[in-house]
Amino acid sequence: MTAATGCATQETLCWDFEEGALPAGWTAHRDEFNGQLLVDDSRAWSGRYALHAKELVGGKEGTQGGPKKTIRINLPAQFGPVLWGRAYVYTTPERPASHAGLFNARYPRPGSTARAFDTLDWYEVATYQQKYMAIWHPPEPPGFPEWVQVSNTPLVLNAWVCLEWLFDGANGSHPEAAEPRVWLDGVELKWPERFVFSDPPTTVPPMREKATDFLVVETGVFLYQGLSVPTDWWIDDLAIGKQRIGCGHGRLSQ
Ligand SMILES: [Ca+2]
């Protein structure tokens, strides 16, 4: 919670992980297959510590089910329908082919009083087939039919990247919530592959229901298919706000 996180405005929520342990408010969520999610000092973008998804492995590529290690936190009340995020992410040693979620944010369905995690619509930032991806989902399970956008930008290995995302669940006067947008080191990603995923398959896109308030966010790494190569991710200087946070602060605390 220092200036090094790039969090200038009070409304922005920031986590630099310099406590050396899971920050206040976060709770363990998913824990499937092998590996660990912890805060450690093995690699950091800023300071000494980062969130580390360590040696995740399990299942087989092409088969549903994979390692999932995540944490979640409830947002302040009346967060609003527009969520900007920013995180520095480091991935090694190989690019997973499987769907690897990194961050998601969830909100109640229009007119619904349900607040349980599995009743919420959600946006997601991930990688898939070794490229960056963003998705809008109905409640999980099953989380589909979902609107999938796959970029033509390969997942960056063995280097820190700054990922930013915009989940605009209001989308002005449009009848549906906006498609997710993602930036890599300040450059907005393009989505040459866009499709509906469902099981069984459908060609009918989901209605992206509009948001009133984002309620809860989840981070860590969650593979929806198997991962046969033990893989590490680090996430540092995670920030969430109602306005764009940006990447420009540099490694001020080193
Ligand atoms: Ca840090």
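The structure we're discussing is the one just above.
Cut-offs used in this document
Residues numbered from 1 in each chain as written. Predicted model: local features only at pLDDT ≥ 70, side-chain atom pairs only at ≥ 80, totals over all residues. Heavy atoms only, no water. Donors = N, O, S within 2.8 Å, 3.2 Å for Na, K, Ca; no water. Tetrahedral: all angles 85-135°; square planar, octahedral: opposite > 155°, others 65-115°. Helix = DSSP H or I, 4+ residues; strand = E, 2+ residues; numbered from the N terminus. Buried < 20%, exposed > 50% of the residue type's maximum accessible area, 1.4 Å probe, protein only. Pairing = 2+ DSSP bridges. Axes fitted to C-alpha atoms, helices over the stretch in contact; angles between N-to-C directions. Disulfide = S-S within 2.5 Å. Core = buried A, V, L, I, M, F, W, Y, C linked by side-chain atoms within 4.5 Å. Contact = heavy atoms within 4.5 Å.

Draft legend 1. Focus on the coordination of the calcium ion. Coordination of the calcium ion by the protein comes from Asp16 (O), Glu18 (OE), Ser46 (O), Tyr49 (O), Asp236 (OD) and Asp236 (OD), over a distance range of 2.3 to 2.6 Å. Every donor counted, the six donor atoms about the calcium ion form angles of 50 to 157° at the centre, which fits irregular coordination. Mapping the donors of the calcium ion onto the primary sequence yields the spacing D-x1-E-x27-S-x2-Y-x186-D. Residue Tyr49 is located in the loop between strand S3 (34-40) and strand S4 (50-58), and its partner Asp236 is located in strand S16 (residues 227-241); the two are separated by 187 residues in the primary sequence. Asp236 matches Tyr49 in its accessibility class, with the two residues each being buried.

Draft legend 2. Up close: the sheet that holds strand S14 (residues 193-197). A sheet is described by the order of its strands in space; here eight strands give the open sequence S2-S5-S15-S7-S8-S9-S10-S14, paired in antiparallel fashion. The open sheet has two edge strands with one neighbour each: strand S2 (27-32) and S14. With direction set aside, neighbouring strand axes in the sheet form an average angle of 15°. Sheet topology places strand S7 (residues 100-107) next to strand S15 (residues 216-223); six bridges connect them, and they run antiparallel. In the strand pairing of S15, Phe103 is matched with Thr219.

Draft legend 3. Looking closely at the state of the cysteines. Scanning the model with the defined rule gives one disulfide in all. Across the disulfide, Cys162 is cross-linked to Cys247 (sulfur-sulfur distance 1.9 Å). Handedness here is read from the sign of the S-S torsion; for Cys162 and Cys247, about -75°, the answer is left-handed. With Cys162 in strand S11 (residues 161-168) and Cys247 in the segment after S16, the pair connects residues that are 85 residues apart, well separated along the chain.

Draft legend 4. Quick peek at the nonpolar core. Counting 48 residues, the largest nonpolar core has Leu83, Leu163, Trp165 and Trp233 as its most contacted members. Residues in contact with Leu163, not counting those within four places in the same chain, are Gly85, Arg86, Ala87, Val89, Leu102, Val125, Tyr132, Val182, Trp183 and Leu184. Core analysis: the next-biggest nonpolar cluster, separate from the first, contains seven residues, Tyr88, Trp160, Cys162 and Trp234 among them.

Draft legend 5. Quick peek at unusual backbone geometry. Residue Pro93 follows Thr92 across a cis peptide bond; omega there is 5°. Counting through the fold element by element, Pro93 comes out in the loop between strand S6 (82-92) and S7. Following Pro141, the chain continues into Pro142 via a peptide bond in cis, with omega recorded as 0°. Structurally, the position occupied by Pro142 is in the loop between strand S9 (131-137) and strand S10 (146-154).

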